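Breakdown of the fold
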Amino acid sequence: CADMAMYQAKSDGRNTYHFFSQEMRRISEKQLLISNHLRYALAKNEISLFFQPKIDITLNQITGAEALLRWHNPELGDVPPSEFIPLAENIGIISELGAWVLQQACNEAMKWQGLTKQRLQVSVNVSPQQFRIGSLLKEVKKALTVSGLPSDQLELEITESLLLQDSEQNLSQLRDFADQGIRLSLDDFGTGYSSLSYVRRFPLHILKIDRSFIHGLENDLNHKVLVDAIIAMARSLNLELVAEGVENKQQLEFLRQRGVRTIQGYIISPPLNPEDFRKFLKNEHQSSRSNPRR
Ligand code: C2E
Ligand code: MG
Ligand code: MG
Ligand code: MG
(Lines give C-alpha, C1' and ligand atoms only; values in the text may rest on other atoms or scores of the structure.)
(Ligands and ions follow the chains in the order given, each with its own letter.)
Protein backbone atom coordinates (compact mmCIF):
# COMPACT_ATOMS: atom_id res chain seq x y z
CA CYS A 1 0.00 0.00 0.00
CA ALA A 2 2.83 2.38 0.84
CA ASP A 3 4.63 1.27 -2.34
CA MET A 4 1.54 1.96 -4.33
CA ALA A 5 1.26 5.43 -2.86
CA MET A 6 4.92 6.18 -3.60
CA TYR A 7 4.49 5.05 -7.17
CA GLN A 8 1.50 7.31 -7.57
CA ALA A 9 3.41 10.21 -6.05
CA LYS A 10 6.23 9.81 -8.55
CA SER A 11 4.09 9.42 -11.60
CA ASP A 12 1.31 11.89 -10.90
CA GLY A 13 3.03 14.74 -9.10
CA ARG A 14 3.82 15.60 -5.54
CA ASN A 15 0.28 16.08 -4.20
CA THR A 16 -0.90 12.61 -5.08
CA TYR A 17 0.70 10.77 -2.19
CA HIS A 18 -0.95 13.08 0.28
CA PHE A 19 -4.35 12.75 -1.35
CA PHE A 20 -4.11 8.98 -1.69
CA SER A 21 -3.20 8.27 1.93
CA GLN A 22 -5.89 10.63 3.20
CA GLU A 23 -8.47 8.91 1.05
CA MET A 24 -7.35 5.50 2.32
CA ARG A 25 -7.53 6.66 5.91
CA ARG A 26 -10.98 8.16 5.41
CA ILE A 27 -12.29 4.86 4.03
CA SER A 28 -10.83 2.70 6.74
CA GLU A 29 -12.02 5.07 9.48
CA LYS A 30 -15.51 4.91 8.08
CA GLN A 31 -15.36 1.13 7.91
CA LEU A 32 -14.11 0.98 11.46
CA LEU A 33 -16.95 3.20 12.61
CA ILE A 34 -19.52 1.08 10.76
CA SER A 35 -17.97 -2.14 12.11
CA ASN A 36 -18.17 -0.87 15.68
CA HIS A 37 -21.87 -0.15 15.30
CA LEU A 38 -22.43 -3.42 13.44
CA ARG A 39 -21.23 -5.51 16.39
CA TYR A 40 -24.20 -4.35 18.47
CA ALA A 41 -26.74 -3.94 15.68
CA LEU A 42 -28.50 -7.27 16.28
CA ALA A 43 -28.63 -6.81 20.05
CA LYS A 44 -29.99 -3.29 19.61
CA ASN A 45 -32.75 -4.47 17.24
CA GLU A 46 -31.43 -2.31 14.42
CA ILE A 47 -31.46 -5.20 11.97
CA SER A 48 -34.55 -6.39 10.15
CA LEU A 49 -35.47 -8.69 7.31
CA PHE A 50 -37.39 -7.61 4.21
CA PHE A 51 -39.00 -9.88 1.62
CA GLN A 52 -39.09 -9.42 -2.14
CA PRO A 53 -41.74 -11.40 -4.06
CA LYS A 54 -40.82 -13.81 -6.84
CA ILE A 55 -43.45 -14.26 -9.52
CA ASP A 56 -44.15 -17.03 -12.01
CA ILE A 57 -45.00 -14.94 -15.09
CA THR A 58 -46.57 -17.85 -16.95
CA LEU A 59 -49.12 -18.49 -14.16
CA ASN A 60 -49.08 -14.86 -12.99
CA GLN A 61 -48.69 -16.17 -9.48
CA ILE A 62 -46.30 -15.58 -6.60
CA THR A 63 -43.89 -18.45 -5.90
CA GLY A 64 -42.13 -17.09 -2.83
CA ALA A 65 -39.78 -14.38 -1.65
CA GLU A 66 -36.12 -13.59 -1.12
CA ALA A 67 -35.18 -12.49 2.40
CA LEU A 68 -32.94 -9.40 2.38
CA LEU A 69 -31.22 -7.82 5.36
CA ARG A 70 -31.84 -4.21 6.31
CA TRP A 71 -29.91 -2.20 8.89
CA HIS A 72 -30.91 1.16 10.27
CA ASN A 73 -28.55 2.76 12.76
CA PRO A 74 -29.53 6.03 14.51
CA GLU A 75 -26.13 7.56 13.79
CA LEU A 76 -25.29 6.05 10.39
CA GLY A 77 -28.79 5.94 8.92
CA ASP A 78 -29.62 3.11 6.51
CA VAL A 79 -26.52 1.08 5.65
CA PRO A 80 -26.98 -1.17 2.59
CA PRO A 81 -26.10 -4.89 2.83
CA SER A 82 -23.55 -4.50 0.04
CA GLU A 83 -21.61 -2.37 2.55
CA PHE A 84 -22.15 -4.18 5.82
CA ILE A 85 -22.13 -7.87 4.76
CA PRO A 86 -18.41 -7.72 3.82
CA LEU A 87 -17.70 -6.03 7.15
CA ALA A 88 -19.72 -8.64 9.03
CA GLU A 89 -17.54 -11.26 7.33
CA ASN A 90 -14.37 -9.39 8.29
CA ILE A 91 -15.21 -8.94 11.95
CA GLY A 92 -16.41 -12.53 12.30
CA ILE A 93 -20.11 -12.03 12.99
CA ILE A 94 -21.52 -13.31 9.68
CA SER A 95 -22.32 -16.67 11.21
CA GLU A 96 -24.35 -15.15 14.02
CA LEU A 97 -26.07 -12.76 11.62
CA GLY A 98 -26.68 -15.57 9.14
CA ALA A 99 -28.23 -17.82 11.80
CA TRP A 100 -30.55 -14.98 12.79
CA VAL A 101 -31.58 -14.46 9.15
CA LEU A 102 -32.31 -18.18 8.71
CA GLN A 103 -34.50 -18.31 11.79
CA GLN A 104 -36.40 -15.11 10.99
CA ALA A 105 -36.94 -16.14 7.38
CA CYS A 106 -38.33 -19.57 8.32
CA ASN A 107 -40.52 -18.09 11.07
CA GLU A 108 -41.93 -15.53 8.66
CA ALA A 109 -42.55 -18.11 5.91
CA MET A 110 -44.70 -20.09 8.37
CA LYS A 111 -46.95 -17.03 8.74
CA TRP A 112 -47.61 -17.05 4.99
CA GLN A 113 -49.34 -20.41 5.13
CA GLY A 114 -53.01 -20.08 4.33
CA LEU A 115 -52.60 -16.63 2.75
CA THR A 116 -52.19 -18.21 -0.69
CA LYS A 117 -53.31 -21.57 -2.02
CA GLN A 118 -49.86 -22.45 -3.38
CA ARG A 119 -46.91 -23.31 -1.13
CA LEU A 120 -44.41 -20.47 -1.00
CA GLN A 121 -40.63 -20.69 -0.95
CA VAL A 122 -38.39 -18.49 1.14
CA SER A 123 -34.86 -17.83 -0.15
CA VAL A 124 -32.00 -16.98 2.15
CA ASN A 125 -28.64 -15.61 1.01
CA VAL A 126 -25.71 -17.48 2.47
CA SER A 127 -22.17 -16.13 2.54
CA PRO A 128 -19.27 -18.45 1.59
CA GLN A 129 -17.85 -17.79 5.07
CA GLN A 130 -20.83 -19.52 6.65
CA PHE A 131 -19.80 -22.67 4.78
CA ARG A 132 -16.24 -22.33 5.96
CA ILE A 133 -17.24 -22.16 9.63
CA GLY A 134 -18.99 -25.50 9.27
CA SER A 135 -22.02 -25.03 11.54
CA LEU A 136 -24.36 -24.04 8.73
CA LEU A 137 -26.16 -27.37 8.38
CA LYS A 138 -26.85 -27.40 12.12
CA GLU A 139 -28.18 -23.84 11.98
CA VAL A 140 -30.39 -24.59 9.00
CA LYS A 141 -31.84 -27.69 10.67
CA LYS A 142 -32.48 -25.71 13.83
CA ALA A 143 -34.27 -22.92 11.94
CA LEU A 144 -36.49 -25.51 10.24
CA THR A 145 -37.23 -27.41 13.45
CA VAL A 146 -37.96 -24.34 15.56
CA SER A 147 -40.20 -22.77 12.90
CA GLY A 148 -41.80 -25.98 11.65
CA LEU A 149 -41.18 -24.99 8.03
CA PRO A 150 -40.92 -27.99 5.66
CA SER A 151 -37.39 -28.18 4.24
CA ASP A 152 -38.58 -28.08 0.62
CA GLN A 153 -39.89 -24.56 1.22
CA LEU A 154 -36.43 -23.26 2.05
CA GLU A 155 -34.05 -22.18 -0.66
CA LEU A 156 -30.43 -21.19 -0.07
CA GLU A 157 -28.83 -18.68 -2.42
CA ILE A 158 -25.13 -19.28 -2.81
CA THR A 159 -22.59 -17.44 -4.96
CA GLU A 160 -20.16 -18.53 -7.63
CA SER A 161 -17.24 -17.68 -5.38
CA LEU A 162 -18.26 -20.59 -3.14
CA LEU A 163 -18.11 -23.01 -6.05
CA LEU A 164 -14.81 -21.61 -7.23
CA GLN A 165 -13.16 -22.45 -3.92
CA ASP A 166 -13.75 -26.00 -5.13
CA SER A 167 -13.37 -27.65 -1.77
CA GLU A 168 -14.65 -31.11 -0.91
CA GLN A 169 -16.06 -29.62 2.27
CA ASN A 170 -18.26 -27.16 0.37
CA LEU A 171 -19.43 -29.83 -2.04
CA SER A 172 -20.36 -32.24 0.73
CA GLN A 173 -22.24 -29.51 2.60
CA LEU A 174 -24.18 -28.67 -0.58
CA ARG A 175 -25.03 -32.37 -0.98
CA ASP A 176 -26.24 -32.49 2.63
CA PHE A 177 -28.61 -29.61 1.96
CA ALA A 178 -29.88 -31.13 -1.27
CA ASP A 179 -30.41 -34.47 0.54
CA GLN A 180 -32.50 -32.65 3.14
CA GLY A 181 -34.78 -31.42 0.33
CA ILE A 182 -33.51 -27.85 0.55
CA ARG A 183 -33.28 -26.13 -2.80
CA LEU A 184 -30.02 -24.51 -3.85
CA SER A 185 -29.87 -21.46 -6.04
CA LEU A 186 -26.79 -20.01 -7.70
CA ASP A 187 -27.07 -16.25 -7.18
CA ASP A 188 -25.63 -13.43 -9.30
CA PHE A 189 -24.96 -15.89 -12.06
CA GLY A 190 -22.72 -14.62 -14.83
CA THR A 191 -20.70 -12.20 -12.70
CA GLY A 192 -18.08 -14.79 -11.72
CA TYR A 193 -16.17 -17.30 -13.77
CA SER A 194 -18.24 -20.47 -13.57
CA SER A 195 -18.32 -22.51 -16.74
CA LEU A 196 -20.88 -25.06 -17.79
CA SER A 197 -18.68 -28.00 -16.91
CA TYR A 198 -18.01 -26.43 -13.54
CA VAL A 199 -21.56 -25.71 -12.50
CA ARG A 200 -22.75 -29.23 -13.35
CA ARG A 201 -20.57 -30.70 -10.61
CA PHE A 202 -22.76 -29.14 -7.93
CA PRO A 203 -26.23 -30.23 -6.80
CA LEU A 204 -27.99 -27.01 -7.81
CA HIS A 205 -31.68 -26.45 -8.60
CA ILE A 206 -31.87 -22.84 -9.73
CA LEU A 207 -29.77 -20.28 -11.61
CA LYS A 208 -30.39 -16.62 -10.87
CA ILE A 209 -29.46 -14.29 -13.70
CA ASP A 210 -27.66 -11.35 -12.15
CA ARG A 211 -29.47 -8.06 -12.31
CA SER A 212 -26.52 -6.38 -14.06
CA PHE A 213 -27.44 -8.36 -17.20
CA ILE A 214 -31.11 -7.45 -16.94
CA HIS A 215 -30.31 -3.77 -16.44
CA GLY A 216 -30.52 -1.96 -19.79
CA LEU A 217 -31.23 -5.26 -21.53
CA GLU A 218 -33.78 -3.67 -23.85
CA ASN A 219 -31.14 -1.38 -25.42
CA ASP A 220 -28.07 -3.56 -25.22
CA LEU A 221 -27.41 -6.32 -27.71
CA ASN A 222 -24.49 -7.67 -25.66
CA HIS A 223 -26.72 -8.14 -22.65
CA LYS A 224 -29.34 -9.88 -24.78
CA VAL A 225 -26.73 -12.27 -26.12
CA LEU A 226 -25.41 -12.99 -22.63
CA VAL A 227 -28.87 -13.59 -21.21
CA ASP A 228 -29.64 -15.95 -24.10
CA ALA A 229 -26.43 -17.85 -23.34
CA ILE A 230 -27.31 -18.12 -19.65
CA ILE A 231 -30.81 -19.35 -20.50
CA ALA A 232 -29.37 -21.99 -22.85
CA MET A 233 -26.92 -23.08 -20.18
CA ALA A 234 -29.63 -23.43 -17.54
CA ARG A 235 -31.72 -25.50 -19.95
CA SER A 236 -28.86 -27.82 -20.78
CA LEU A 237 -28.23 -28.35 -17.05
CA ASN A 238 -31.92 -28.80 -16.35
CA LEU A 239 -31.96 -25.90 -13.91
CA GLU A 240 -34.82 -23.55 -13.13
CA LEU A 241 -34.19 -19.89 -13.90
CA VAL A 242 -34.93 -16.75 -11.94
CA ALA A 243 -34.26 -13.31 -13.42
CA GLU A 244 -33.54 -10.69 -10.76
CA GLY A 245 -33.74 -6.91 -11.07
CA VAL A 246 -36.53 -6.81 -13.65
CA GLU A 247 -37.62 -3.17 -13.76
CA ASN A 248 -39.71 -2.64 -16.91
CA LYS A 249 -42.13 -4.22 -19.37
CA GLN A 250 -39.57 -4.61 -22.19
CA GLN A 251 -37.31 -6.65 -19.94
CA LEU A 252 -40.24 -8.74 -18.76
CA GLU A 253 -41.43 -9.40 -22.33
CA PHE A 254 -37.93 -10.33 -23.45
CA LEU A 255 -37.73 -12.91 -20.66
CA ARG A 256 -41.26 -14.16 -21.25
CA GLN A 257 -40.54 -14.71 -24.95
CA ARG A 258 -37.58 -16.86 -24.01
CA GLY A 259 -39.60 -18.91 -21.58
CA VAL A 260 -38.07 -17.62 -18.33
CA ARG A 261 -40.79 -18.38 -15.79
CA THR A 262 -39.75 -16.66 -12.62
CA ILE A 263 -38.83 -13.04 -12.11
CA GLN A 264 -38.05 -10.74 -9.24
CA GLY A 265 -37.70 -6.97 -9.43
CA TYR A 266 -39.14 -3.51 -8.97
CA ILE A 267 -41.65 -4.10 -11.79
CA ILE A 268 -43.42 -6.46 -9.36
CA SER A 269 -42.39 -5.05 -5.99
CA PRO A 270 -39.38 -3.77 -4.05
CA PRO A 271 -38.39 -5.73 -0.93
CA LEU A 272 -41.17 -5.27 1.66
CA ASN A 273 -41.25 -5.35 5.44
CA PRO A 274 -42.94 -8.53 6.79
CA GLU A 275 -46.29 -6.83 7.35
CA ASP A 276 -46.41 -5.28 3.88
CA PHE A 277 -45.34 -8.57 2.38
CA ARG A 278 -48.30 -10.32 4.01
CA LYS A 279 -50.58 -7.57 2.66
CA PHE A 280 -49.09 -8.21 -0.77
CA LEU A 281 -49.98 -11.89 -0.42
CA LYS A 282 -53.55 -11.13 0.63
CA ASN A 283 -54.07 -8.74 -2.31
CA GLU A 284 -52.58 -11.27 -4.68
CA HIS A 285 -54.95 -13.92 -3.38
CA GLN A 286 -57.98 -11.64 -3.72
CA SER A 287 -57.08 -10.51 -7.22
CA SER A 288 -56.54 -14.11 -8.28
CA ARG A 289 -60.05 -14.97 -7.12
CA SER A 290 -61.77 -11.93 -8.64
CA ASN A 291 -60.09 -12.21 -12.02
CA PRO A 292 -59.29 -15.80 -12.79
CA ARG A 293 -55.95 -16.32 -14.53
CA ARG A 294 -55.83 -16.93 -18.22
P1 C2E B 1 -28.73 -10.33 -4.05
O2 C2E B 1 -28.86 -11.56 -3.26
O3 C2E B 1 -28.36 -10.47 -5.48
O4 C2E B 1 -30.13 -9.58 -3.89
C5 C2E B 1 -30.80 -8.89 -4.89
C6 C2E B 1 -30.58 -7.40 -4.75
O7 C2E B 1 -31.21 -6.74 -5.84
C8 C2E B 1 -31.18 -6.80 -3.49
O9 C2E B 1 -30.33 -5.73 -3.08
C10 C2E B 1 -32.50 -6.21 -4.02
O11 C2E B 1 -33.03 -5.18 -3.21
C12 C2E B 1 -32.04 -5.71 -5.35
N13 C2E B 1 -33.13 -5.56 -6.31
C14 C2E B 1 -34.25 -6.30 -6.42
N15 C2E B 1 -34.99 -5.92 -7.45
C16 C2E B 1 -34.33 -4.91 -8.05
C17 C2E B 1 -34.60 -4.10 -9.21
O18 C2E B 1 -35.59 -4.25 -9.92
N19 C2E B 1 -33.65 -3.16 -9.52
C20 C2E B 1 -32.52 -2.98 -8.78
N21 C2E B 1 -31.66 -2.03 -9.16
N22 C2E B 1 -32.25 -3.73 -7.69
C23 C2E B 1 -33.14 -4.69 -7.34
P24 C2E B 1 -29.98 -5.52 -1.53
O25 C2E B 1 -31.18 -5.82 -0.70
O26 C2E B 1 -29.34 -4.18 -1.43
O27 C2E B 1 -28.92 -6.65 -1.26
C28 C2E B 1 -27.66 -6.62 -1.88
C29 C2E B 1 -26.89 -7.89 -1.64
O30 C2E B 1 -26.58 -8.04 -0.26
C31 C2E B 1 -27.68 -9.14 -1.99
O32 C2E B 1 -27.66 -9.33 -3.39
C33 C2E B 1 -26.91 -10.18 -1.22
O34 C2E B 1 -25.75 -10.55 -1.92
C35 C2E B 1 -26.51 -9.41 0.03
N36 C2E B 1 -27.43 -9.76 1.13
C37 C2E B 1 -28.64 -9.25 1.45
N38 C2E B 1 -29.18 -9.88 2.51
C39 C2E B 1 -28.27 -10.84 2.88
C40 C2E B 1 -28.25 -11.87 3.90
O41 C2E B 1 -29.20 -12.06 4.68
N42 C2E B 1 -27.13 -12.65 3.95
C43 C2E B 1 -26.09 -12.51 3.06
N44 C2E B 1 -25.02 -13.32 3.19
N45 C2E B 1 -26.10 -11.59 2.08
C46 C2E B 1 -27.18 -10.77 1.99
MG1 MG C 1 -29.78 -13.31 -3.49
MG1 MG D 1 -28.64 -11.90 -6.83
MG1 MG E 1 -27.00 -9.49 -7.35
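Here the structure is a predicted model, which means the values were calculated and not measured. Residues take numbers from 1 onward in each chain, read along the sequence in its written order. Chain A is the first chain written and ligand 1 is the first ligand written, with later ones labelled in order. Restriction of local features to residues with pLDDT of at least 70 applies here, the model being predicted, together with a cutoff of 80 or more for giving and counting side-chain atom pairs; totals for whole chains, interfaces and linings are based on all residues. For the side-chain quantities, the full set of heavy atoms in the structure was used; hydrogens and water were omitted.

**Observations regarding the coordination of the magnesium ion (ligand 3)**
Each metal's donors are the N, O and S atoms within 2.8 Å of it, or within 3.2 Å when it is Na, K or Ca, and because water is not part of the set, sites may look incomplete. Coordination of the magnesium ion (ligand 3) by the protein involves Asp187 (OD), Asp188 (OD), Glu244 (OE) and Glu244 (OE), with metal-donor separations of 2.1 to 2.6 Å. Counting gaps between the donor residues of the magnesium ion (ligand 3) yields the pattern D-D-x55-E. The metal-metal distance between the magnesium ion (ligand 3) and the magnesium ion (ligand 2) comes to 3.8 Å, with Asp187 coordinating both. In this pair, Asp188 is assigned in strand β6 (residues 183–189) and Glu244 in the loop between β8 (240–243) and α12 (249–257), connecting sequence segments 56 residues apart. By the criteria applied, helices consist of DSSP H or I runs no shorter than four residues and strands consist of E runs no shorter than two, each listed in order from the N terminus.

**Topic: the site of ligand 1**
If a single non-hydrogen atom of a residue is within 4 Å of a molecule or strand, that residue counts as near it. Contacts to ligand 1 come from 21 residues, most closely from Arg70, Asp187, Arg211, Glu247 and Tyr266. Asn125 has a polar side-chain atom sitting 2.9 Å from an oxygen atom of ligand 1. Pairing of N or O atoms within 3.5 Å defines a polar contact, subject to two protein rules: one partner must be a possible hydrogen donor and the other a possible acceptor, and residues neighboring in sequence count only if both atoms are side-chain atoms. In this structure, Glu244 approaches ligand 1 through a side-chain N or O atom, which is 3.3 Å from an oxygen atom. For ligand 1, the accessible surface in isolation is 800 Å², of which the surrounding protein chains cover 85%. The rule is simple: put a 1 Å grid over the protein atoms alone, call a set of points where a 1.4 Å probe fits but cannot get out a cavity, call an open set with protein on both sides within 12 Å along at least five of seven lines a pocket, and count a residue as lining if it has an atom within 4 Å of a point. For a cavity or pocket, the test is whether more than half of a molecule's atoms lie within 2 Å of its grid points; if they do, the molecule sits there. When atoms are counted within 2 Å of each cavity's grid points, the one that captures over half of ligand 1 is the largest pocket. Elements represented by at least two residues in the shell around ligand 1 include exactly β2 (61–73), α3 (81–90) and β6. The accessible surface values rely on the Shrake-Rupley method and a 1.4 Å probe; as for residues, cover is taken only from the protein chains in view.

**Concerning the pairing of β2**
Sheet analysis places strand β1 (residues 47–56) next to β2, joined by 10 bridges and oriented antiparallel. Bridge pairing in β2 links Ile55 to Ile62. Two strands pair if DSSP finds at least two bridges between them. Counting the residues that bridge the hairpin from β1 to β2 gives 4 residues, and of these Asn60 lies at a positive phi of roughly 55°. Bridge analysis of β2 against strand β4 (residues 121–125) gives 4 bridges, and the strand direction is parallel. Opposite Glu66, over in β4, you have Ser123 as the bridge partner. In this structure, β2 lies alongside strand β3 (residues 77–79), joined through 3 bridges in antiparallel fashion. Counted as the bridge partner of Asn73 is Gly77 from β3. Hairpin connection, β2 to β3: the antiparallel pair is bridged by 3 residues.

**Let's talk about the coordination of the magnesium ion (ligand 2)**
At 2.0 to 2.2 Å from the magnesium ion (ligand 2) lie its protein donor atoms, namely Glu66 (OE), Asn125 (OD1), Glu157 (OE) and Asp187 (OD). The sequence pattern formed by the donor residues of the magnesium ion (ligand 2) is E-x58-N-x31-E-x29-D.

**Quick word on the environment of Asn248**
Relative to the assigned elements, Asn248 resides in the loop between β8 and α12. Between two residues, a contact is recorded if the distance between any of their heavy atoms is within 4.5 Å. With sequence-adjacent residues up to four places away left out, Asn248 is seen in contact with Glu218 and Ile267. Within the structure, the side chain of Asn248 is placed 3.2 Å from the backbone nitrogen of Gln250, a separation counted as a polar contact.

**Quick word on the confidence of the model for the chain**
pLDDT measures the predictor's confidence residue by residue and takes values from 0 up to 100. For the chain, the average pLDDT comes to 89, and 90% of its residues sit at 70 or higher. In the model output, the complex is listed with pTM 0.91 alongside ipTM 0.98.

**Focus on empty space enclosed by the protein**
Grid points are joined across faces, edges and corners, and a volume is the space filled by probe spheres set on the points. Taken as a whole and judged by the stated rule, the model has 2 cavities of 30 Å³ or more. Here the largest cavity is characterised by a volume of approximately 50 Å³. In terms of lining, the largest cavity is formed by Leu38, Arg39, Leu42, Ile93, Glu96 and Leu97. Those elements giving two or more residues to the lining of the largest cavity turn out to be α2 (16–41) and α4 (94–111). Here the term charged refers only to Asp, Glu, Lys and Arg, the term nonpolar to Ala, Val, Leu, Ile, Met, Phe, Trp, Tyr, Cys and Pro, and the term polar to all other amino acids, Gly among them. Among the residues forming the lining of the largest cavity, the class breakdown is 4 nonpolar, no polar and 2 charged.

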